[in-house]
Amino acid sequence: MSSPMQFGIFSVSDITRDPTTGRTPSEAERIKDIVTIAKHVEEVGLDVFALGEHHNPPFFSSSPTTTLAYIGAQTERLILSTATTLITTNDPVKIAEDYAMLQHLTGGRVDLVMGRGNTGPVYPWFGKDIRQGLPIAIESYALLQRLWNEDVVDWEGSFRTPLQGFTSTPRPLDGVAPFVWHGSIRTPEIAEQAAYYGDGFFANNIFWPKEHYQRLIALYRQRFAHYGHGTPEQAIVGLGGQAFIAKNSQDAVDRFRPYFDNAPVYGHGPSLEEFSELTPLTVGSPQQVIDRYAAMRDHYGDYQRQLFLVDHAGLPLKTVLEQIELLGSEVVPVLRKELAENRPAEVPDAPTHADRVHAKYGDGEPRQARPTAAAGNNLTVGGPYEDSPALAPAPGSAFGVAATRKEAVR
Amino acid sequence: MTRRIAVVTAGLSNPSSTRMLADRLAASTIAQLREQGIEATVDIIELRDLAHDITNNLLAGFAPPALEAAIRQVVTADGLIVVTPIFSTSYSGLFKSFFDVIDPDALTGMPVLIGANAGTARHSLAIDYAIRPLFAYLHAEPVATGVFAASSDWGAHADDVKPLASRIERGARELAESIARRDVRVEIDPFDPDAFLGEGRSFGHLLGGLAGE
């Protein structure tokens, strides 16, 4: 079911000491908690749960598709997303496979946010160089798109071994790849990339003043139109955000301050008051959060997705669940109403698998990929799937790029 | 067209001899530009007022508004005068931290006049072994003369042969000439596709397949 806006939670998966009790949850505890948190997101009527990816302590989420699949099995409507998927250090072949798999298991309730990752040491662990982060992101994403959209891929690039006649399995659910958002906090090339493909752009909207994200989103919208995907207003924008809510605003400040002051990213830096003024962090009553986030579209234009960070900095599970409850009962219903008001009709709804399938096939039957007996011999005997276009071997070559490139493009 | 000079001064007290030197360097530079028929304005950036913002920027990754404004004044200036006290053989930590939070490419080609002050003239080479390399690294263009003022320069035991005023005049003349030689600094918008893709190019060029497009 499509809706103009999707609301949800995104988690960076930090395991942080609770500064008020001095206690650090175990990995086992925090991993169980994240499942509880995600299920609660659906229970209170929110739409999206997105999970980060990290490969070093104090984070647990090295394997997001495992976690998301487990959550997917215990939820019905919840859209599962990432925050972010590392397009630099992950092999694009594995991303293509893992997320197509997750699509099938969850009935299409999957999309991804691509990010480069800013943890320097991670790159060499995966055989990469952070100084090449941007060229890797550009090359790897181009390959990922081909792996999802073409049954048979011949490919050669700079950052992974070449592919000859490779088929990424399973094929995307209904022949429609997961929707992709591109996340960046400072890099214009990534806004350009999102615009080029007609993908979404996600601004984390947490750590920096809105002006930083405004420039990127304005660029993304303008270039989305430049590449012929629609008007700037039709570009697909997602935003992060951060709130801590209590009925009474002073209670919110008092309860959140110790977590803020010791938070891994901004702790021991600006004061809670300064940071609240300069960034979208809002600590206060439900009405204060509503007012701050209802104004986001004045800064960024009408948009499609709003996620909140609520489970970080050592906040205990009970508090996190309360925060989600308050978002679901008091904040988001009002935001849905306010952000729907005066929303121009041409602004697209938030992306869903069902809408994307409909956009591709209309009322026709979506593709169901059925392997042929020739699977494994993609190049010379038909294609890997019953409905793959019959291959006419290119003159002069039965092997390699020349034999398959055009014919394999669907 | 009017030029803009940014003056970065890292003194901590008030009145500060660092600021006194900065003011004299700025006044002399303006006077010498005027002799060449060029009007110039000055923006003074007192780092003491921005010390908390600079630390917050190091920790949180973004510049609060006052610091953001100061950084913009520096990177868009036609010329830069920088003055720091010498602490423990080098620029002060505050001075270095300010330049650490500026984009390392933003000062490329910027004419810079370096000034420094300390209790004794025995620290004067710090300009050349410590401060000049910083601006060389940033691809700025520091003028040949750096101006060092020791406490004695302000009092009875000043240098009779090359007094501070003449050293200021010489450094400022070099900066004025360097500014006058250049066109007015044009600001490049990093979010302009022509800036990050190259003029008239498309994302396809980044993908490598459209070089001939």
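### Some points on helix α5 (residues 126-137) of chain B
Each α-helix winds once per 3.6 residues, and so residues spaced three or four apart point in a common direction. Residue and element names in this part refer to chain B. Helix length check: α5 (12 residues) gives 16 Å between terminal C-alpha atoms against 16 Å at 1.5 Å per residue, within 8%. Within α5, the full set of buried residues consists of A126, I127, A130, I131, R132, L134 and F135. Buried residues belonging to α5 abut β3 (79-87), β4 (90-91), α4 (93-100), β5 (111-118), β6 (141-142) and β7 (147-150). Phi for H139, located one or two positions after α5, is positive at around 60°.

### Observations concerning the nonpolar core
By size, the foremost hydrophobic cluster in this structure holds 111 residues, and its most contacted members are F49(A), Y220(A) and F256(A). Residues in contact with F49(A), not counting those within four places in the same chain, are I9(A), S11(A), I34(A), I37(A), A38(A), V41(A), L68(A), I71(A), L78(A), I79(A), L80(A) and S81(A). Within the second largest apolar cluster, 41 residues are counted, among which are V8(B), I86(B), L134(B) and L138(B).

### Thoughts on the interface of chain B and chain A
Contact with chain B, which involves 18 residues of that partner, is made by 27 residues of chain A. Of the roughly 1,900 Å² buried between chain B and chain A, counting both surfaces, carbon and sulfur atoms make up 73%. Of all residues in chain B, F62(B), F191(B) and F203(B) bury the most surface against chain A, accounting for 39% of the area lost on that side. Linking chain B with chain A are 0 salt bridges. Inspection of the region where chain B meets chain A yields 2 residue pairs in polar contact (both at pLDDT 80 or more). Only α2 (51-60), α7 (193-197) and α8 (203-207) of chain B provide two or more residues apiece to the side of chain B that touches chain A. Examining the composition of the side of chain B that touches chain A, we find that 4 residues originate from one element, α8(B), more than from any other. Of the residues assigned to the side of chain B that touches chain A, the class counts are 13 nonpolar, 4 polar and 1 charged.

### Concerning the packing of aromatic side chains
Inspection of the entire model under this criterion finds 23 aromatic pairs over all chains. Where F98(B) meets F99(B), the ring centres are 5.3 Å apart and the plane angle is 80°; that geometry is what we call edge-to-face. When its relative accessible area of 0% is taken as the criterion, F98(B) is described as buried. A connected cluster of aromatic rings, assembled from ring pairs, spans F207(A), F244(A), F256(A), F260(A), Y266(A), F275(A) and F62(B).

### Topic: the pattern of salt bridges
If the charged atoms of two oppositely charged side chains come close together, the side chains can form a pair. Summed over all chains, the structure comprises 31 salt bridges over all chains. In this structure, R131(A) engages D129(A) in a salt bridge whose closest nitrogen and oxygen atoms are separated by 2.7 Å. For R131(A), a relative accessible area of 72% translates into the label exposed. Owing to a relative accessible area of 29%, D129(A) belongs among the partly exposed residues under this scheme. Measuring nitrogen to oxygen at the nearest pair gives 3.2 Å for the salt bridge that ties E169(B) to R173(B). Note that E169(B) and R173(B) are positioned in helix α6 (residues 164-181) at a spacing of 4 residues, about one turn of the helix. Salt bridges linked by common partners bring D151(A), R171(A), R367(A) and D387(A) together as one network.

### Some remarks on the domain arrangement of chain B
Domain boundaries assigned for chain B yield domain 1 (3-182) and domain 2 (188-213). Taking the mean C-alpha position of each, domain 1 of chain B and domain 2 of chain B sit 37 Å from one another.

### A few points about the environment of A83(A)
All names here are of chain A. Here A83 lies in the loop between β3 (79-82) and β4 (85-86). Taking the C-alpha atoms as reference points, A83 and V12, 71 residues apart in sequence, are found 7.0 Å from one another. Setting aside residues up to four positions removed in sequence, A83 forms contacts with F10, S11, A50, L51, G52 and E53.

### Section: the packing of helix α1 (residues 27-43) of chain A against helix α12 (residues 317-340) of chain A
Packed helix pairs are characterised by how far apart their axes lie and by the angle those axes make with each other. Residues and elements named next belong to chain A. Where α1 contacts α12, the two axes come as close as 10 Å, and the packing angle between them is 15°. Judged by the inter-axis angle, α1 sits roughly parallel to α12. Note that α1 runs across α12; the crossing there is right-handed. Where α1 abuts α12, its residues D33, T36, I37, H40 and V41 lie against L317, V320, L321, I324 and E325. Residues belonging to the contact of α1 with α12 are distributed by class as follows: 6 nonpolar, 2 polar and 2 charged.

### So, the sheet that holds strand β10 (residues 237-239) of chain A
Residues and elements named next belong to chain A. Taken in spatial order, the 9 strands of this open sheet run β3-β2-β1-β13-β10-β9-β8-β5-β4, and their pairing is parallel. On the outer flanks of this sheet lie β3 and β4, each paired with one strand and no other. Sheet topology places strand β1 (residues 6-11) next to strand β13 (residues 305-308); 4 bridges connect them, and they run parallel. Of the residues in β13, the one forming a bridge with G8 is L307.

Criteria and thresholds
Residues numbered from 1 in each chain as written. Chains lettered and ligands numbered in written order. Predicted model: local features only at pLDDT ≥ 70, side-chain atom pairs only at ≥ 80, totals over all residues. Heavy atoms only, no water. Helix = DSSP H or I, 4+ residues; strand = E, 2+ residues; numbered from the N terminus. Expected span 1.5 Å × (residues − 1). Buried < 20%, exposed > 50% of the residue type's maximum accessible area, 1.4 Å probe, protein only. Contact = heavy atoms within 4.5 Å. Core = buried A, V, L, I, M, F, W, Y, C linked by side-chain atoms within 4.5 Å. Buried area = accessible area lost by both parts, 1.4 Å probe. Salt bridge = Lys/Arg side-chain N within 4 Å of Asp/Glu carboxyl O. Polar contact = N/O pair within 3.5 Å; in protein donor to acceptor, adjacent residues only side chain to side chain. Nonpolar A, V, L, I, M, F, W, Y, C, P; charged D, E, K, R; others polar. Phe/Tyr/Trp six-rings, centres within 6.5 Å; stacked < 30°, edge-to-face > 60°. Domains from an automatic or database assignment. Axes fitted to C-alpha atoms, helices over the stretch in contact; angles between N-to-C directions. Parallel < 35°, antiparallel > 145°, perpendicular 65-115°, else oblique. Left-handed = near helix turned anticlockwise from the far one by under 90°. Pairing = 2+ DSSP bridges.

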